[in-house]
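Secondary and tertiary structure notes
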Amino acid sequence: MAESTNPLFIPVILGTARQGRQSEHVANFLLSEMKKRPEIETELIDVRQLKMRLDDAGEEMKDPEFAKKMTRADGLAIVTPEYNHGYPGLLKHALDMCLEEYIHKAVGLVGVSAGPFGGSRVIEQLVQVVRELGLTVTFTDVNFSRVGDAFDDQGMLKDEKYVGRVAKFLNELVWMTRVLRHGRENIPPL
Ligand SMILES: Cc1cc2nc3c(=O)[nH]c(=O)nc-3n(C[C@H](O)[C@H](O)[C@H](O)COP(=O)(O)O)c2cc1C
């Protein structure tokens with residue numbers, strides 16, 4: 001069975017629209033690390049830029065551009081801040097627009113918090129949601145705790161330990177994305 005050699009398309013979803021969001025620094029850093037890897041093609045999907053209605057929900061209000069990207073995606077990375085131990089409503093509103101587009105694709109989760117736990121509580125909640133969407137979540141997350149200390153005012157990374165953590169996260173996300181793409185393309189469902 002041949003393995004597809006095309007780069008893996010793994011967009012990064014930035015899950016908050018908040019003014020002054022620190023998660024944007026995290027998403028930009030993640031994107032820059034992903035762009036160093038020839039096996040990955042990526043782009044930012046910012047919930048701020050998505051065409052989303054506020055008087056509807058789910059596939060009824062599917063944004064065709066977002067759906068096209070989810071269809072094309074081989075895997076996903078989601079950067080989410082922790083808001084009251086949960087995920088931003090706008091992130092859930094966006095993810096709910098698709099379903100079939102996600103099935104049996106890999107997703108890696110990156111949590112961001114002002115507090116010491118690096119969004120570990122939002123990640124636990126998001127695992128339940130992505131599973132229901134048909135996505136397969138990686139074992140390795142990245143937790144940006146006390147995010148205000150991790151980047152400078154220009155959004156440049158100050159805390160170098162995240163370079164290694166993101167590399168480990170991407171290694172698994174790439175592997176799982178590749179494995180699932182191979183499975184979808186070569187192994188018929190029972
Ligand atoms: C509505 C709201 C709720 C929040 N709840 C939490 C929380 O439960 N735990 C935490 O560590 N930080 C919490 N924060 C702080 C965020 O983690 C902090 O703003 C961080 O920078 C990541 O979010 P950001 O991308 O919006 O900046 C909250 C922020 C907002 C706006």
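See the structure printed just above.
In this text, all values refer to a predicted model and were calculated from it rather than measured experimentally.

**Regarding the overall build of the protein**
Per the secondary structure count, the protein includes six helices and eight strands. N-terminal to C-terminal, the α/β element order of the protein is β-β-α-β-β-α-β-α-β-α-β-β-α-α. A compact globule built from 190 residues would reach a C-alpha radius of gyration of about 16 Å, and the protein, at 16 Å, matches this within 12%. Reported as C-alpha extents along the three principal axes, the dimensions of the protein are approximately 50 × 40 × 25 Å. Looking at the protein residue by residue over its 190 residues, the buried ones come to 39%. Taking as baseline every contact in the protein between residues at least 6 positions apart, the subset at least 24 positions apart corresponds to 82%.

**Let's talk about the environment of Ile-78**
Structurally, Ile-78 can be placed in strand β5 (residues 75–81). Separated by 73 residues in the primary sequence, Ile-78 and Phe-151 have C-alpha atoms spaced 19 Å apart. Excluding residues that lie within four positions of it along the chain, Ile-78 makes contacts with Ile-13, Gly-15, Val-107, Leu-109, Val-110 and Leu-126.

**With respect to helix α6 (residues 161–186)**
Compared with an ideal rise of 1.5 Å per residue, which puts 26 residues at 38 Å, α6 spans 38 Å between its outermost C-alpha atoms and is within 8% of the ideal. Turning to α6, its buried residues are Tyr-162, Val-166, Phe-169, Leu-170, Leu-173, Val-174, Met-176, Thr-177 and Arg-181.

**A few points about the site of the ligand**
In the vicinity of the ligand there are 15 residues, among which Gln-22, Ser-23, Pro-81, Ser-113 and Gly-115 approach most closely. A class-by-class count of the residues in the shell around the ligand yields five nonpolar, seven polar and three charged.

**Topic: helix α4 (residues 120–132)**
When the terminal C-alpha atoms of α4 are compared, their 19 Å separation across 13 residues agrees well with the 18 Å that a helix rising 1.5 Å per residue should span. Of the residues making up α4, those classed as buried are Val-122, Ile-123 and Leu-126. Elements that come into contact with the buried residues of α4 comprise β5 and β6 (106–112). Phi for Gly-134, located one or two positions after α4, is positive at around 95°.

Rules of the game
- Residues numbered from 1 in each chain as written.
- Predicted model: local features only at pLDDT ≥ 70, side-chain atom pairs only at ≥ 80, totals over all residues.
- Helix = DSSP H or I, 4+ residues; strand = E, 2+ residues; numbered from the N terminus.
- Rg over C-alpha atoms; globule rule 2.2 N^0.38 Å.
- Buried ≥ 20, exposed ≤ 12 C-beta atoms within 10 Å, placed from the backbone.
- Contact = placed C-beta atoms within 7 Å.
- Expected span 1.5 Å × (residues − 1).
- Near = placed C-beta within 6 Å.
- Nonpolar A, V, L, I, M, F, W, Y, C, P; charged D, E, K, R; others polar.

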